[in-house]
Amino acid sequence: MANKFAAKLRRLEGAITDRWDPWAPENLIRSSSPGVNWLFGRTHGMPRGFSTLLWGPKKSCKSVLFYDMAGNTMRENPNAIVIKFDTEFRDLGQLDEEMARGYGIDLDRFIVYQVNRPEQIFDRMKNEIRELIEEGADIPLIGIDSISDILGRREADQESVSQHQIGDHAVTMGVGLKSIIETQRKKRIALIMIAHARDEMDPWEIKRGNKKKPAAANAVLHHCEFAINVEKNKTASGKVDALDRKFVDESRKDMNDDGQQTAFKTYVWLTDNTCGPKDRMSEFTFADGKGIVNQHEEVFRLGLSWKVIERPSKGQYIIGDQKFIGKPNVLEALSKDKNLQQVILNKLLEMEKTQTFMSQAPAADAIDE
């Protein structure tokens, strides 16, 4: 009898009839950084139809991370079209053909709109973009870089900046996100929004050590299932690789006779997650013209943290049935053998199901020789 009534209820508009799995590997948006993917938990990636807020201080690789995920999406799906709403009007300077190759971005399938009026973003997603998906376009990922530069609805029509209305931007974001939620979920569009950071003013949060927070309306924070703080590692460990070799090109020096820095490390901290573990922290290395590099170091650190890489004694490392003596040797093996990296990543995915893991990758100085 219950099944009879349940069947009738499912015929009503809005009832879920297709219980597709957003966490299935084919439905994930992934970075080329294993550490970034690990942040999301479960199956290590961002599910289509869900939203992530990337926030942090200026020039901290927020845009870099979006470009990387866009490029990786295109590599994994040759039919994928990725859209970026460039509200900062910076894309032509940030993404030339060389950088696009470094990220893996096919510029023919990477559509950039340099707009910052709310109707040019939200209405376009709700109407024209949705219609194209219904016609067969595969648009798995859309980015807004940044939401901080979207004009408020009233602000967009003001003749002078002196005609400001408090709360206009927050209301605009709330209304805009509500207008696209059905399109995003039903058309399975992963949305990445980028926001600046602002000073935390709540004294209790400051006492907890939270000096910064996203420059985003509450509607944005509620809309996003994931929030990731992106910030450069400005310590000494952020300027060297896992073997303490400096990211410096000594053949190109400045007037102080210092070599040109070619890469740096960036922290990524999962500050919020409504679908799994919170407070995970990882780190990736970005190299000019190449995008994210040294992924084998990320796999190495995660493997040590979760004890997938065994350490029977100092200087010994065991991965599966392979044994290595010395950190340089195990790192070299991982850098050359993607299958060996996959052994570690597969074990991490298996451990996600048991929930028996550490939540944070170890600091660089916590890994001995």
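Everything quoted here is computed from the prediction, not taken from an experiment. (Residues numbered from 1 in each chain as written. Predicted model: local features only at pLDDT ≥ 70, side-chain atom pairs only at ≥ 80, totals over all residues. Heavy atoms only, no water.)

1. Describing the overall build of the chain
For the record, the criterion: Secondary structure elements are taken from DSSP: a helix is a run of H or I of four residues or more, a strand is a run of E of two residues or more, and numbering for both begins at the N terminus. Radius of gyration: over C-alpha atoms. The globule rule applied is 2.2 Å multiplied by the number of residues raised to the 0.38 power. Remark: exposure states derive from per-residue accessible area (1.4 Å probe, protein chains only) relative to the maximum for the residue type, with buried under 20%, exposed over 50%, and partly exposed in between.
From N to C terminus, the chain includes twelve helices and 17 strands. A globule of 369 residues ought to have a C-alpha radius of gyration of about 21 Å, and the chain, at 22 Å, matches this closely. Along the longest, intermediate and shortest principal axes, the C-alpha atoms of the chain span 70 × 60 × 50 Å. In the chain, buried positions account for 47% of the 369 residues.

2. Here's the deal with the environment of Y317
Structurally, Y317 is set in strand β16 (residues 316-319). Given the relative accessible area of 0%, Y317 is considered buried. Here the alpha-carbon distance between Y317 and N294, two residues 23 residues apart in the chain, equals 19 Å.

3. Focus: a negative patch on the surface
Put simply, the rule is: Only residues above 30% relative accessible area that lack a salt bridge enter a patch, with like-charged residues linked at up to 9 Å and the nonpolar side chains Val, Leu, Ile, Met, Phe, Trp and Tyr linked at up to 5 Å. Method for areas: the Shrake-Rupley scheme with a 1.4 Å probe, in which residue coverage is limited to the protein chains shown. A pair is scored as a salt bridge if a Lys or Arg side-chain nitrogen falls within 4 Å of a carboxyl oxygen belonging to Asp or Glu. Residues scored as positive are Lys and Arg, those scored as negative are Asp and Glu, and His as well as the terminal groups of each chain are ignored. For this purpose, a charge sits on NZ of Lys, CZ of Arg, CG of Asp or CD of Glu.
Side chains of D123, E128, E131 and E135 sit close together on the surface and give a patch of like negative charge. Tracing the sequence through the fold places E131 in helix α6 (residues 118-134). Residue E131 is classed as partly exposed on the basis of its relative accessible area of 45%.

4. Notes on the pairing of strand β3 (residues 51-55)
Most of β3 sits out of view: five of its five residues are buried. Side chains S51, L53 and W55 project from β3 onto one buried face, and the interleaved T52 and L54 project onto a second face that is buried too.

5. Observations regarding the pairing of strand β4 (residues 82-85)
Formally: Whether two strands pair depends on DSSP finding at least two bridges between them.
Here β4 shows no split at all, with V82 and K84 on one side and I83 and F85 on the other all buried. As paired elements, β4 and strand β5 (residues 110-113) share four bridges and run parallel to each other. The partner of F85 across the bridge, within β5, is Y113. Judged from the four bridges that link them, β4 and strand β6 (residues 141-145) form a sheet pairing that is parallel. Along β6, the bridge assignment pairs K84 with G143.

6. With respect to the nonpolar core
As a reminder of what qualifies: Residues belong to a common nonpolar core when they are buried Ala, Val, Leu, Ile, Met, Phe, Trp, Tyr or Cys residues joined through side-chain atoms within 4.5 Å. Throughout, a residue-residue contact means that at least one pair of heavy atoms, one from each residue, lies within 4.5 Å.
In this structure, L65, I105 and F110 are the most contacted members of the largest nonpolar core, which totals 58 residues. Take this core: its biggest share by element is seven residues, from helix α3 (residues 62-76). With residues near it in sequence (within four places) discarded, I105 still touches Y67, A70, G71, M74, L95, A100 and F110. Counting residues in each nonpolar core, the second largest holds 27 residues, with M173, A217, V220 and C224 among its members.

7. Things to note about the packing of helix α10 (residues 295-305) against helix α11 (residues 327-336)
The line we're drawing: Axes, fitted as lines to C-alpha atoms, cover a helix only where it is in contact. Angles between the N-to-C directions of the axes lie from 0 to 180 degrees. Convention used here: angles under 35 degrees read as roughly parallel, angles over 145 as roughly antiparallel, angles from 65 to 115 as roughly perpendicular, and any remaining angle as oblique. In a left-handed crossing the near helix is turned counterclockwise from the far helix by less than a right angle, and in a right-handed crossing that turn is clockwise. Each residue gets one of three labels, nonpolar for Ala, Val, Leu, Ile, Met, Phe, Trp, Tyr, Cys and Pro, charged for Asp, Glu, Lys and Arg, and polar for the others, Gly among them.
Packing of α10 against α11 brings their axes to within 9 Å, and their N-to-C directions diverge by 120°. When the interaxial angle is binned, α10 and α11 end up oblique. The hand of the α10/α11 crossing is right-handed. Where α10 approaches α11, its residues H296, E297 and F300 are matched on the opposing element by K327, V330, L331, L334 and S335. Considered class by class, the residues forming the contact of α10 with α11 number four nonpolar, two polar and two charged.

8. Notes on the packing of aromatic side chains
Using the following cut-off: The pairing test for Phe, Tyr and Trp rings, Trp by its six-membered ring, is centres within 6.5 Å, and the orientation test on the planes gives stacked under 30 degrees, edge-to-face over 60, and tilted for anything in between. In this analysis the charged atom, NZ for Lys or CZ for Arg, is taken to sit over a ring once it is within 6 Å of the ring centre and within 35 degrees of the ring normal.
Following the criterion strictly, the structure yields eleven aromatic pairs and no others. Between the aromatic rings of F66 and Y67, the centroid separation amounts to 6.3 Å while the plane-to-plane angle is 45°, which identifies the pairing as tilted. Here F66 and Y67 have matching classes, each one buried. Look at F66 and F110: their rings are 6.5 Å apart centre to centre, the planes differ by 40°, and that puts the pair in the tilted class. A residue pair is termed long-range when its members are at least 10 positions apart, and F66 in helix α3 and F110 in strand β5 qualify at 44 residues. Judged on exposure class, the residue F66 and its partner F110 are both buried. Taking the ring centre of F264 as reference, the NZ or CZ of K232 above it sits at 4.4 Å.

9. Here's the deal with the sheet that holds β5
Note on sheets: strands pair through backbone hydrogen bonds, and any given pair is parallel or antiparallel. In spatial order, the strands read β5-β4-β6-β7-β3-β10-β13-β14-β15; together these nine strands make up an open sheet with mixed pairing. The open sheet has two edge strands, β5 and β15 (291-293), and neither has a second partner. Geometrically, the sheet is characterised by an average inter-axis angle of 25° between neighbouring strands, direction not taken into account.

10. Section: the packing of α11 against helix α12 (residues 338-352)
Two numbers describe how α11 lies on α12: the axes approach to 5 Å, and their chain directions differ by 100°. In terms of axis orientation, α11 runs roughly perpendicular to α12. Contact with α11, carried on its side by A333, L334, S335 and K336, involves K338, L340, Q341 and I344 of α12 and no other residues of that element. For the contact of α11 with α12, the per-class residue count stands at four nonpolar, two polar and two charged.

11. Quick look at the environment of V115
Inspection of the secondary structure assignment puts V115 in the loop between β5 and α6. The exposure class assigned to V115 is buried, which follows from its relative accessible area of 10%. Spatially, the C-alpha atom of V115 lies 21 Å from that of Q165, the residues being 50 residues apart in sequence. Non-local contacts of V115, meaning those with residues more than four positions away in its chain, are made with F85, D86, T87, F89, Q120 and I121.

Note that all results are geometric; they support no functional claim without further evidence.
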